[in-house]
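Listed below are the residues making up each chain.
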Amino acid sequence: MTAKIEKRREFLINLLFIAAVLAIIYVYFKYLFWVTAPFILTFFFAVLLQTPLRFIEKKVKHKHHAFWSILLVVLSILVILIPLGLLLGAAFSKIAEFVKTLVAQLNDIPTFLTTLEKDIIDIIRFLPDSLYKTASESVHNFFTPLIEDFDISKLNLSSLKTGVSSGLTGVMNVMKNVPNVVIGVVIGIIAWIFFTKDYDRIVSFIQKQLPDNKKNLLVEIKQVFSKTILKMVRAYGLIMLITFFELFLGFSILSAMGIMKNSYYVFIAVLIAIFDIMPIAGSGGILVPWAIVSVIMGNYKQAIGIIIMYAVITVIRQYIEPKIVGDSLGVHPIITLMGLYFGLKLFGFLGMFIVPITVMTLKAFNDTGRIHLWVPSDNNRIKLEAAKRKK
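Being a predicted model, the structure only gives us computed values, none of them experimental. (Residues numbered from 1 in each chain as written. Predicted model: local features only at pLDDT ≥ 70, side-chain atom pairs only at ≥ 80, totals over all residues. Heavy atoms only, no water.)

1. A short note on the overall build of the chain
In plain terms, the rule: Here a strand is any run of E in DSSP of at least two residues, a helix any run of H or I of at least four, and the numbering for each starts at the N terminus. Whether a residue is buried, partly exposed or exposed follows from its accessible area with a 1.4 Å probe, protein chains only, as a fraction of its type maximum: under 20%, in between, or over 50%, in that order. Pairs of residues are marked as contacts when any of their non-hydrogen atoms sit within 4.5 Å.
In terms of regular secondary structure, the chain is built from 13 helices and zero strands. Written out in order from the N terminus, the α and β elements of the chain read α-α-α-α-α-α-α-α-α-α-α-α-α. The buried share of the chain, taken over its 391 residues, is 29%. Within the chain, contacts between residues separated by at least 24 positions form 62% of all contacts whose residues are at least 6 apart in sequence.

2. Focus: the packing of aromatic side chains
Quick note on the threshold: Note on ring pairs: Phe, Tyr and Trp rings are taken, using the six-membered ring of Trp, and paired if centres are within 6.5 Å. Classes follow the plane angle, with under 30 degrees stacked, over 60 edge-to-face and the rest tilted.
With the rule as written, the count across this model stands at ten aromatic pairs. Judged by centre distance (6.4 Å) and plane angle (90 degrees), the ring pair of Tyr28 and Phe33 falls under edge-to-face. Classification of Tyr28 by relative accessible area gives partly exposed; the value is 23%.

3. Focus on the packing of helix 1 (residues 2-59) against helix 12 (residues 351-367)
The line we're drawing: Here an axis means a line fitted to C-alpha atoms, over the contact stretch when the element is a helix, while the angle between two N-to-C directions is reported on a 0 to 180 degree scale. By convention, the crossing between two helices is left-handed when the near helix turns anticlockwise from the far helix through less than a right angle, and right-handed when the turn is clockwise. Residue polarity is assigned by list, with Asp, Glu, Lys and Arg as charged and Ala, Val, Leu, Ile, Met, Phe, Trp, Tyr, Cys and Pro as nonpolar; anything else, Gly included, falls into the polar class.
Running from N to C, helix 1 and helix 12 point in directions that differ by 145 degrees, and their axes come no closer than 12 Å. In this structure, helix 1 crosses over helix 12, and the sense of that crossing is right-handed. Residues Val21, Ile25 and Phe29 of helix 1 lie in contact with helix 12, whose contacting residues are Ile354, Thr358 and Leu362. Each residue belonging to the contact of helix 1 with helix 12 can be placed in one class, and the counts come to five nonpolar, one polar and no charged.

4. A closer look at helix 1
Spelled out, the test is: Every helix has an expected span of 1.5 Å times one less than the residues it contains. The reported bend at a residue is simply the angle between two axes, fitted to the 7 residues ending at it and to the 7 residues beginning with it.
With 58 residues, helix 1 ought to run about 86 Å at 1.5 Å a step, yet its terminal C-alpha atoms sit only 66 Å apart, falling short of that. When the local axis directions of helix 1 are compared, the greatest deviation, roughly 75 degrees, occurs at Phe33.

5. Section: a nonpolar patch on the surface
Our working rule: Patch definition: residues above 30% relative accessible area lacking any salt bridge, with like charges linked at up to 9 Å and the nonpolar side chains Val, Leu, Ile, Met, Phe, Trp and Tyr linked at up to 5 Å. Values of accessible area rely on a 1.4 Å probe in the Shrake-Rupley scheme; residue burial ignores everything except the protein chains shown. For salt bridges, the criterion is a side-chain nitrogen of Lys or Arg within 4 Å of an Asp or Glu carboxyl oxygen.
On the surface, Tyr26, Val27, Tyr31, Leu32, Ile334, Ile335, Leu337, Met338, Tyr341, Phe342 and Leu346 cluster together into a nonpolar patch covering about 1000 Å² of accessible area. Looking at the nonpolar patch, the elements with two or more residues in it are helix 1 and helix 11 (333-347). Top contributing element to the nonpolar patch by residue count: helix 11, with seven residues. In this structure, Val27 sits in helix 1.

6. Comments concerning the side chain of Thr243
Just so we agree on the cut-off: For the purposes of these results, a polar contact is taken to be a pair of N or O atoms within 3.5 Å, where, inside protein, one atom must be able to donate a hydrogen and its partner to accept one; residues adjacent in sequence count only when each atom of the pair is a side-chain atom.
Mapping Thr243 onto the fold places it in helix 7 (residues 217-256). Residue Thr243 is classed as buried on the basis of its relative accessible area of 2%. For Thr243, the side chain forms a polar contact with the main-chain oxygen of Ile239, separated by 2.9 Å. Every residue in contact with Thr243, bar those within four places of it in the chain, is listed here: Ala273, Asp276 and Ile313.

7. Considerations on the nonpolar core
Under the convention used in this document: Working definition of a nonpolar core: buried Ala, Val, Leu, Ile, Met, Phe, Trp, Tyr and Cys residues. They are joined through side-chain atoms within 4.5 Å.
By size, the foremost hydrophobic cluster in this structure holds 19 residues, and its most contacted members are Leu247, Phe251, Met260, Ile268, Leu287 and Trp290. Among the elements that take part in this core, helix 8 (residues 265-275) stands out by supplying six residues, more than any other. Those residues in contact with Leu247, other than ones at most four positions away along the chain, are Ala269, Ile272, Ala273, Leu287, Met309 and Ile313.

8. Some thoughts on the side chain of Glu246
Applicable threshold: Only four residue types enter the charge count: Lys and Arg as positive, Asp and Glu as negative, with His and the chain ends excluded.
Of note, Glu246 is situated in helix 7. Put simply, Glu246 is tucked away with no salt bridge, and the nearest opposite charge, on Arg317, sits 8.4 Å away. For Glu246, the residues in contact, after removing those within four places along its chain, are Ile313 and Ile316.

9. Remarks on the packing of helix 8 against helix 9 (residues 284-296)
For clarity, the threshold we go by: Note on angle classes: values under 35 degrees are labelled roughly parallel, values over 145 roughly antiparallel, values of 65 to 115 roughly perpendicular, and the remainder oblique.
Viewed as axis vectors pointing N to C, helix 8 and helix 9 meet at an angle of 125 degrees, and their least axial separation amounts to 9 Å. By the criterion of interaxial angle, the relationship of helix 8 to helix 9 is oblique. Taken together, the residues of helix 9 that come into contact with helix 8 (itself represented by Ile268, Leu271, Ile272 and Phe275) are Gly285, Ile286, Leu287 and Trp290. Class assignment for the residues of the contact of helix 8 with helix 9 results in seven nonpolar, one polar and no charged.

10. Comments concerning the pattern of salt bridges
This structure, assessed with the given rule, holds three salt bridges. Salt bridges sharing partners connect three or more residues here, namely Lys197, Asp198 and Arg201.

11. Focus: the confidence of the model for the chain
Which entries qualify depends on this criterion: A residue's pLDDT is the confidence the predictor assigns to it, expressed on a 0 to 100 scale.
Across the chain, the average pLDDT comes to 75, with 74% of residues at 70 or higher. By mean pLDDT, helix 13 (residues 378-390) is the weakest element of the chain at 52, and helix 6 (residues 199-209) is the strongest at 83.

12. Quick word on the environment of Leu113
By the secondary structure assignment, Leu113 is in helix 3 (residues 109-123). Assessed through its relative accessible area of 6%, Leu113 is described here as buried. Spatially, the C-alpha atoms of Leu113 and Ile296 are 7.7 Å apart, while their sequence positions differ by 183 residues.

The structure is reproduced here in structure tokens:
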């Protein structure tokens, strides 16, 4: 009886411990992540710069640690900003051209809708007069607002004013946050320099505050966290690349067949590949409305081609995402799917990355025995014992 009570008590203690860990993680990522983000991200960047910094100092006779630290940070910023600026410039240019083309195509929709309304009314003429009158009025009432919405000459000025006002309000809200973003970036860059320059001192200070059996905790966190981030970036980057090539190949085939007639399919493929990472919208958030518009415009071949592409992308995505992301995290695909779903529900889009990374980190520490949230599988235990024997 005593043994059973002891087991139950141990179970409850472990359950409370797990609940406390999850509660702390939730509170941090829900309310504190963006506040601490400039320091966490720049510390991680500082960790990445330690290898090139040590390499330079070994090769250079006169060691100027502060100078090389600042130089590496500045070069890293340039490496990030210059390609990003060029890509954004090219993207905005293509977006402007694409919008002009799209508006030109939308101008033809009122004519098409008017013709479609007339054809439907002609088709239902076989109905008795009383039913025909009611049905034709319903069809007319359905198409009239649609035609007016797309007809620029009948554009409602009050609606236009409301739209412009809403747009300006949105712009003003964004502008209000610009100073906070700028301050965060500046503070982050300064912190990056200090973290890079004084990395050894900071790590040494933190280690001195830890108990003897936790001295290597920072090293383990560094290894686990850096590998997790890199694996996550590689996993989702690979998914985006596969989706891009699927779209590029599909658009190229449609273009070669003369079905798709525009020169923006590379830009569109990149846009959809990025959009596809979001699980709620996904590639269907662009491809399905595009197919519907193609049907409305009478381009049925393009609509069929887009739907086929969407079906292929969806099937391949459903197969590769759990496997690629799951393999990268070292967890079962079903756990990955649950992590993606719960992350999305709890933290939004950012949660898709937060929860899998957190799961990977907890798993790594659980496998090494630093924490005891669950009993490791036999395979993990065998791998851990083999690693210990090698040491």
